[in-house]
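The primary structure of each chain is shown beneath.
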Amino acid sequence: MQCYTELTPPTAVTHSLSLPFLSADSTNLIVAKTSLLQIFTTKTISIELERQFDDGRQVPREDAASDTRLNDDELEASFLGTDSILLRAQRSNQVKLILVAEYTLSGTIISLVRVKTLSSKSGGEALLVGFKDAKLSLVEWDPERPGLSTISIHYYEQDELQGSPWTPKLGDTVNYLTVDPGSRCAALKFGTRNLAILPFKQGDEDVNMDDLDEELDGPRPADKATVKATTNGNNAEDIPYGSSFVLRLSALDPNLIHPVHLSFLYEYREPTFGILSSTLAPSSSLLYERKDHLTYMVFTLDLRQRASTTILSVSGLPYDLFKVIPLPIPVGGALLVGANELIHIDQAGKANGVGVNMFAKQCTSFGLVDQSDLEMRLEGCKIEQLSIDNGEMLLILHSGELAILSFHMDGRSVSGLNVRRVSPDAGGAIIRAGISSASSLGSNTLFLGSEHSDSVVLGWSRKSSQLSRKRSRIDLADMGDTFLDDEDGEEDDDADDDLYGDSPLVAQTTSIGAPHSDSANSKAGDYNFIIHDSLVNIAPIIDVAIGKGASHSDSEESFNFEGVTGELQLVAAVGRDKAGSLAIIQRELQPKIIGRFEFPEARGIWTMSAKRPTPKGLQADKEKTTMSGDFGADAQYDRLMIVSKALDDATEISDVYALTSAGFEALTGTEFEPAAGSTIEAGTLGNGMRVIQVLKSEVRSYDGDLGLAQILPMYDDDTGAEPKIISASFADPFVLLLRDDSSIFIAQCDDNNELEEIEREDNSLLSTRWLTGCLYMDTTGAFATIRRDKGQKIGHNIVMFLLSAGGALHIYALPDLSNAVYIAEGLCFVPPVLSADYAARRSAARETLAEILVADLGDSVSKSPYLILRPSNDDLTIYEPFRINHSDNLSKTLHFLKIHNPHLAENPDVSAQETVDNTQDTRDKPMRAISNLCGYSTVFLPGGSPSFIIKSSKTVPKVISLQGVGVRSMSSFHTEGCDRGFIYADINGIARVSQLPPDTSFAEIGMSLKKVELGHAVHSIAYHSPMETYVVGISTKVDFVLPKDEDPRREGQREEISFKPTIEQSFLKLISPKNWSTIDTVELDPCEIIMCIKTLDLEVSETTNERRQLITVGTAITKGEDLATKGRVYVFDVVIVVPEPDRPETNKKLKLIAREEIPRGAVTSVSEIGTQGFMLIAQGQKCMVRGLKEDGTLLPVAFMDMNCYVTSIKELRGTGLCVMADAVKGVWFSGYTEEPYKMLLFGKSATNMEVVAADLLPDGKDLYIIAADADCNLHVMQFDPEHPKSLQGHLLLHRTTFSLGGHMPTTMTLLPRTTSSSIIPATPSNLDAEANATIPGYELLFTSNTGSISLLSTLSESQYRKLSTLANHLTNTLFHACGLNPREYRVGKDAPESMVGSRTVVDGAVLMRWMEIGSQRRAEVAGRVGIDVEEVRDDLKALTSGLGYL
């Protein structure tokens, strides 16, 4: 009984699509990551060119520029000179992606297409999503929620649609979706020869006659007519689609026996598609018998008659064509892509082609232009249009190299094709690996999605095109008689500009086949490619190792980092080809410590950049209005720090410190009075001219030199009461105070920087009891009641948020306190969508809210306000405000959408001393908003579960815990020595000045992630704990040369070709985690590929029985497909050597201990075995136990014959029990005995499976075997010889099959499980559960080829019953995007019928959405399960906290 939980989302981009989705005139990018759908919008920003290749977080350089101006004397030495000023002036526009929404889908996305429907809720186009195996969902954007709205779902997986019983299964065929450019219909090719046609309703004019001008720029722009809402329950006239039907391809034409690819074409009046097919199965091995047997046919569909007409057929095409790419105007027709050639076929059937390597001539007799000197491999390439002017295309090869495909035009027809590579100087090598999708983002930008490297936004410029045209008019004056002819050409050029854009005649004048010509548009250097933005990708995760972080070089550094460094870290080998990298993943944020010191009395810390008093004569008012944002107080270094202290004798004081570049020092001789008591809050008002200190009984105002300017006492003249201040909030020029009698006090800083109370005109402000509140400066207009101009007065965009004791949210637009502009009574019920008219039942359960905060979250590219609710247990709820229309009535337009946040706070687990010491509530530790923390606008949550809420422009807000113990107080810290950092004091009395770790991302996967590029394909990784180093196996591609000595064929030796196949050349690298640099490299033989690397505890001496941690490497030697594969086993030790100068980390080196030749078969997996320090090696079709002898040989002592190919071997450490996974036959469970040495087979899987990874999972007294197959199914088997169906244990009991969708596991790692403390008080009923919790538990860590990391956790009987019931109720309660069914998604379609028992694995993805529903529904669902809400939270926290040591 297990639960499967995804810890991180997938990162590999499989599909992408550009369309106007959010509105008719928006540019949106839809990105699919297997089962994650993300919706982006684009933003063009101006950025300095010198910063374009820095880290992905674009820190604004304006900060540095203003710092330089303000601190000119201090920083002058750091300037490079006058040249740096010139460099800084060079700016460039770059396109950035901004995430709008993301959805985790219960399906595997196989296609994305855009459809323009007659009407939509947003006015934009609709999105048609294809899912594995043959499902379609038509969705649109609903601005009222906002979110995806499912229009319809279509299902084509019925058995009666599959044809004969012997046809392949749907999952084994290539299924894809294509759509008509005019949005008249879409076609899903599924099965071997089935085509499902889904018609869409269009206007009568569109159906009868396509307007070709509208298709000039591809699909037509969206209609801006009145939008009519469509819902599932409308009449048939409102449904945007017609009834779909399935066509057999053989019914279209009997020759469509082996379809290769099809796609709809442009410029046809009716829906028309071109299809590549053959009557014979294409085969490269039969080229001597048959070649050029592919046929390209064009069919026109009659949707009303459900019939088709053949209008074109071109036969005799090369066998290796695999794709049809439709081309819009000005080129038109279709481009056929093959492995060795590109062929264009126009509407009349005229064909032009180009061969890009020497094999094009050998595999086809089709007439091709020879460009074999390009030596390109087109397998897996992607082609996207570059220029609408002349139809030039960008060709991205499987290796990531770029090339330009241009068409030679003769009028409107194509007369030839030309391909040219992009030089590395022009950005031809900036793509590190092959891409999976390409989508245009408008002018001169493309999005390139990749499964093997980071996905990028690629931009380009054409420097020479405009210059050449201007230059030509000057040069022509000296050309004599030819001037008139050329002038006529210019007139034609200008006339055509109206139709096609910049310069359509340029391509027409290009000579056929010339790689270079005089035309500017055809020069290889005219395009200059740069990367504008990127999406982090850690896929595929090929191997993982768990090791310690870097040990610090000196005692001072290790002292500074003590307590904030995790015990272990997960290091993954990720990426393919040149994108091979190491990904260092840590569960919590580990800060970079600048300074550490004892500060046990600190209870609150505030830093501020107060301005010194302005001398008379300067216009202070003018400065106040102009100096704001990054050029105002925020851009200065912090000068002052106020610390609230609690002394040993229980007295409370406040001290002030002056911040210096080295640290801080106590400030004396000012009018600041430490004995005035503890500080509640501190900040600046008056644009930094006044320092405000909020004490319990009064507010003090100082000037920039801490001269006391004003004291504002808390004294009620009417009643004589002196309420104490318990919390405060600042937003220049206002301050909000909350007092212990639940009243509020609002003061304003006037033009003379004097604080004055604002009269509370609204009676409800006086009569309502207020729990908490905050002020927010609304720079985006999200809460604006009137559409403001940009020249608004400073201070008139401050919004006040108050939470009443009744749980209602009140919003006031300061300085107007006459009435609330917005009241939401239901905030305490935390509903999924909060609005002014939301109402819950009176008996509904409420959330106990302790604090609310409205703050900006984001980075320098994009930031937006969020409402953050802090309940008593610190499980944060995050709301995003949205407006459904633009009227001034906030009550009708303003709504709040709850953001998915699965992060649960640490349970209260503090010492008794801290419990006694800390009698105050969370008001003493309020959340802190920081406008610029290393480039992020973030919010920090202090207390027992210190966390940051971090959001980048390409992610949703993520809550990430801070490594270490609880935090008392925290503040930003911006000085010369700590740029944009923070200072915090923990409950152990340690204060730290820190920064976010450099080159690290957080919100992308919800964990701390650092990528270290290796620049080569990476295969395996292992951690050597005695020397604290990592050993990584990498490879590069080299030309394959036929072996001269071993090849018996004489004719092969005479074969001399320049375009040789490539093979991997492997290397072993020793990497130091101190700076992730390579400190040693071992080169292996050519044709030798590293299959596995493991650190094994081996016996190195037969006399002393000494054991040592050694690196064991298994390799395969492949010298051609007709020669037998051999293998080798290497055993290395890591030894101490003399380091290189100035590189102290290079004091380690790999030393070869043993090397064993394996004459038959590759070494595919190694493992420890038994208790005597032996190793188990999978060599070919045998598994052999070997011991390391002192003479450097590996002595075999026991073996077991295997079947075909062993993919994985795992042993339950120290027991001799091991599982062996075979690529064909399934899994074997065996044991090893040491007296005598013997391997015994205990049981096999009952069915054959293509197992890619397997491991053992002990659960108490039960032993489960977990196997993952190539169809992304997880099989849970059990060894139980007492069960009658196991045949005395010979068969493993197949307990259940759980589908992982498209996430194929690449590794499984058995890890010990840590337990979390419970928030439920101990009772006799749960004492047994606590006793069982002391038994060491285990869980399996999965990594996948999509970049996701998951856990398979064992559950007790009671936990399983509770969580499985809860998952069922949540499945019925939650909203599921695209109308998909989570239960059907997790059912293994290929599960064997012989499964024993019907218990399924609990889907943790559904459980983690527990916090999405409101408190009322949570109480209802928990009641149905039979437990309370706290118990559900406890179980969910236990699922995700099992990796406490990472």
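Please read all numbers here as calculations on a predicted model, not as lab measurements.

Calculation rules
Residues numbered from 1 in each chain as written. Predicted model: local features only at pLDDT ≥ 70, side-chain atom pairs only at ≥ 80, totals over all residues. Heavy atoms only, no water. Helix = DSSP H or I, 4+ residues; strand = E, 2+ residues; numbered from the N terminus. Buried < 20%, exposed > 50% of the residue type's maximum accessible area, 1.4 Å probe, protein only. Contact = heavy atoms within 4.5 Å. Areas by Shrake-Rupley, 256 points an atom, 1.4 Å probe, with all protein chains shown as cover. Axes fitted to C-alpha atoms, helices over the stretch in contact; angles between N-to-C directions. Parallel < 35°, antiparallel > 145°, perpendicular 65-115°, else oblique. Left-handed = near helix turned anticlockwise from the far one by under 90°. Phe/Tyr/Trp six-rings, centres within 6.5 Å; stacked < 30°, edge-to-face > 60°. Pairing = 2+ DSSP bridges. pLDDT = per-residue confidence, 0-100. Core = buried A, V, L, I, M, F, W, Y, C linked by side-chain atoms within 4.5 Å. Nonpolar A, V, L, I, M, F, W, Y, C, P; charged D, E, K, R; others polar. Expected span 1.5 Å × (residues − 1). Polar contact = N/O pair within 3.5 Å; in protein donor to acceptor, adjacent residues only side chain to side chain. Salt bridge = Lys/Arg side-chain N within 4 Å of Asp/Glu carboxyl O.

### Regarding the overall build of the protein chain
Then, number 1: Across its full length, the protein chain carries 21 helices and 87 strands.
Then, number 2: Taken across its 1446 residues, the protein chain has 56% of its residues classed as buried.
Then, number 3: Excluding contacts between residues fewer than 6 apart, the proportion of contacts in the protein chain whose partners are at least 24 apart in sequence is 61%.
Then, number 4: Here the protein chain has roughly 59,600 Å² of accessible surface; of this, 50% comes from carbon and sulfur atoms.

### Here we look at the packing of helix α17 (residues 1357-1373) against helix α20 (residues 1415-1425)
Then, number 1: Between α17 and α20, whose axes approach to 9 Å, the crossing angle comes to 135 degrees. As judged from the angle between their axes, α17 and α20 are oblique. In this structure, α17 crosses over α20, and the sense of that crossing is right-handed. Across the interface between the two elements, Lys1362, Thr1365, Leu1366, His1369 and Thr1373 from α17 touch Arg1417, Val1421, Arg1424 and Val1425 from α20.

### Some thoughts on the packing of aromatic side chains
Then, number 1: Scanning the entire structure with this criterion turns up 29 aromatic pairs.
Then, number 2: Residues Tyr1130 and Phe1132 carry aromatic rings whose centres are separated by 5.9 Å and whose planes lie at 20 degrees to one another, so their mutual orientation is stacked. As far as burial versus exposure is concerned, Tyr1130 and Phe1132 are alike and both buried.
Then, number 3: Seen from their ring centres, Phe1242 and Phe1279 are 5.9 Å apart, and the 25 degrees between their planes marks the pair as stacked. Residue Phe1242 is located in strand β79 (residues 1237-1244), and its partner Phe1279 is located in the loop between β82 (1273-1278) and β83 (1293-1299); the two are separated by 37 residues in the primary sequence.
Then, number 4: In this structure Phe1242 comes out as partly exposed when scored by relative accessible area, which is 27%.
Then, number 5: With a relative accessible area of 23%, Phe1279 lands in the partly exposed category.
Then, number 6: The structure contains a cluster of three or more aromatic residues connected by ring pairs, namely Tyr776, Phe783, Phe801, Tyr822 and Phe896.

### Comments concerning the pairing of strand β48 (residues 798-804)
Then, number 1: The element β48 is largely enclosed, with a buried count of seven among its seven residues.
Then, number 2: On β48, burial covers both faces: Ile798, Met800, Leu802 and Ser804 on one face and Val799, Phe801 and Leu803 on the other are all buried.
Then, number 3: Judged from the seven bridges that link them, strand β47 (residues 770-777) and β48 form a sheet pairing that is antiparallel. Bridge pairing in β48 links Met777 to Ile798.
Then, number 4: Bridging between β48 and strand β49 (residues 809-813) involves five bridges; their strand directions are antiparallel.

### As for the sheet that holds strand β13 (residues 245-248)
As a general point, the strands of a sheet are linked pairwise by backbone hydrogen bonds and lie either parallel or antiparallel.
Then, number 1: Ordered by their spatial adjacency, four strands build an open sheet running β10-β11-β12-β13, and the pairing between neighbours is antiparallel. Both edges of this open sheet fall to β10 (176-179) and β13, since each of them pairs with a single strand only. Here the strands of the sheet are splayed against their neighbours by 25 degrees on average, with no regard to which way each runs.
Then, number 2: Strand direction decides the pairing type here: strand β11 (residues 185-190) and strand β12 (residues 194-199), joined by six bridges, are antiparallel. Opposite Ala186, over in β12, you have Leu198 as the bridge partner.

### Section: the confidence of the model for the protein chain
Then, number 1: Summary statistics for the protein chain give a mean pLDDT of 84 and a share of 84% for residues scoring 70 or more.
Then, number 2: Contacts for the low-pLDDT stretch residues 909-922, under 50 throughout, to residues beyond four places or in other chains number 10 contacts.
Then, number 3: Scored below 50 in pLDDT, residues 1322-1334 shows five contacts in the model against residues more than four places distant or in partner chains.

### Focus on the nonpolar core
Then, number 1: Among the nonpolar cores identified, the biggest contains 48 residues, and Phe447, Phe783, Phe801, Leu809, Leu827, Leu867 and Phe896 are the most heavily contacted of them.
Then, number 2: For this core, the element with the most residues is strand β52 (residues 849-858), which contributes six residues.
Then, number 3: Setting aside chain neighbours within four positions, we find Phe801 in contact with Thr772, Gly773, Cys774, Tyr776, Phe783, Leu809, His810, Ile811, Ile852 and Val854.

### Digging into the packing of α17 against helix α21 (residues 1429-1440)
Then, number 1: Contact geometry of α17 with α21 gives a least axis separation of 11 Å together with a crossing angle of 100 degrees. Between α17 and α21, the angle is such that the two are roughly perpendicular. Contacts from Gln1359, Lys1362, Leu1363 and Leu1366 of α17 reach α21 at Glu1431, Val1432, Asp1435, Leu1436 and Leu1439.
Then, number 2: Residues that form the contact of α17 with α21 fall into these classes: five nonpolar, one polar and three charged.

### So, α21
Every α-helical turn comprises 3.6 residues, leaving residues that sit three or four positions apart pointing alike.
Then, number 1: Look at α21: 17 Å from first C-alpha to last across 12 residues, which is about the 16 Å you get at 1.5 Å a residue.
Then, number 2: Along α21, the positions that sit buried rather than exposed are Val1432, Arg1433, Asp1434, Asp1435, Leu1436, Lys1437, Ala1438 and Leu1439.
Then, number 3: The elements touched by buried residues of α21 are β1 (2-8), β84 (1305-1313), β86 (1349-1354), α17, α19 (1404-1407) and α20.

### Notes on the sheet that holds strand β64 (residues 1017-1024)
Then, number 1: If you trace the four strands from one edge of the open sheet to the other, you get β64-β65-β66-β67, paired in antiparallel fashion. Each end of this open sheet is capped by a strand with a single partner; those strands are β64 and β67 (1077-1083). Direction aside, the axes of adjacent strands within the sheet are offset by 30 degrees on average.
Then, number 2: With 10 bridges joining them, strand β65 (residues 1029-1039) and strand β66 (residues 1062-1072) adopt antiparallel strand pairing. Of the residues in β66, the one forming a bridge with Ile1034 is Phe1067.

### Details of the environment of Ala539
Then, number 1: Positionally, Ala539 belongs in the loop between β30 (527-535) and β31 (541-547).
Then, number 2: Note on Ala539: relative accessible area 1%, which makes it buried.
Then, number 3: For the pair Ala539 and Asp454, spaced 85 residues apart in sequence, the C-alpha separation works out to 8.8 Å.
Then, number 4: The residues touching Ala539, leaving out its near neighbours within four places in the chain, are Thr11, Ala12, Glu451, His452, Ser453, Gly575, Asn1345, Thr1346 and Gly1347.

### Quick look at the side chain of Glu125
Then, number 1: Summarising the element assignment, Glu125 is placed in the loop between β6 (109-115) and β7 (126-131).
Then, number 2: Of the residues examined, Glu125 reaches a relative accessible area of 2% and is grouped as buried.
Then, number 3: A distance of 2.9 Å separates polar atoms of two side chains, one belonging to Glu125 and the other to Arg114.

### Side note on the environment of Asn537
Then, number 1: Note that Asn537 resides in the loop between β30 and β31.
Then, number 2: Separated by 46 residues in sequence, Asn537 and Ala583 place their C-alpha atoms 9.7 Å apart.
Then, number 3: Once residues within four sequence positions are removed from consideration, Asn537 is found in contact with Thr11, Ala12, Ser450, Glu451, His452, Ser453, Asp454 and Lys1011.
Then, number 4: A polar contact is formed between the side chain of Asn537 and the backbone nitrogen of Ala539, at a distance of 2.8 Å.

### Here we look at unusual backbone geometry
Then, number 1: Cis geometry is found at the peptide bond from Ala539 to Pro540, where omega equals -15 degrees.
Then, number 2: Checked against the element boundaries, Pro540 lands in the loop between β30 and β31.
Then, number 3: With an omega of -5 degrees, the peptide bond running from Glu1235 to Pro1236 counts as cis.
Then, number 4: By the secondary structure assignment, Pro1236 is in the loop between β78 (1226-1234) and β79.
Then, number 5: One non-glycine residue, Glu267, adopts positive backbone phi at about 70 degrees.
Then, number 6: Relative to the helices and strands, Glu267 is located in the loop between β14 (258-264) and β15 (272-278).
Then, number 7: Positive phi is not limited to glycine here, since Cys1087 has a value of about 70 degrees.
Then, number 8: By the secondary structure assignment, Cys1087 is in the loop between β67 and β68 (1088-1099).

### Focus on the pattern of salt bridges
Then, number 1: One pass over the full model with this rule turns up 48 salt bridges.
Then, number 2: Across the salt bridge formed by Lys1011 and Asp454, the nearest N and O atoms sit 3.0 Å from each other. In this pair, Lys1011 is assigned in strand β63 (residues 1008-1013) and Asp454 in the loop between β28 (445-449) and β29 (455-462), connecting sequence segments 557 residues apart.
Then, number 3: Taking relative accessible area as the criterion, Lys1011 reaches 26% and is therefore assigned partly exposed.
Then, number 4: Since its relative accessible area comes to 25%, Asp454 is described here as partly exposed.
Then, number 5: Between Glu1168 and Arg1213 there is a salt bridge, and its shortest N-O distance comes to 3.6 Å. Linking Glu1168 in strand β72 (residues 1163-1169) with Arg1213 in the loop between β76 (1206-1211) and β77 (1217-1222), this pair joins segments that are 45 residues apart in sequence.
Then, number 6: Look at Glu1168 and you get buried, because its relative accessible area is 12%.
Then, number 7: Via salt bridges that share partners, Asp1085, Glu1088, Arg1128, Arg1155 and Glu1157 belong to a single interconnected network.

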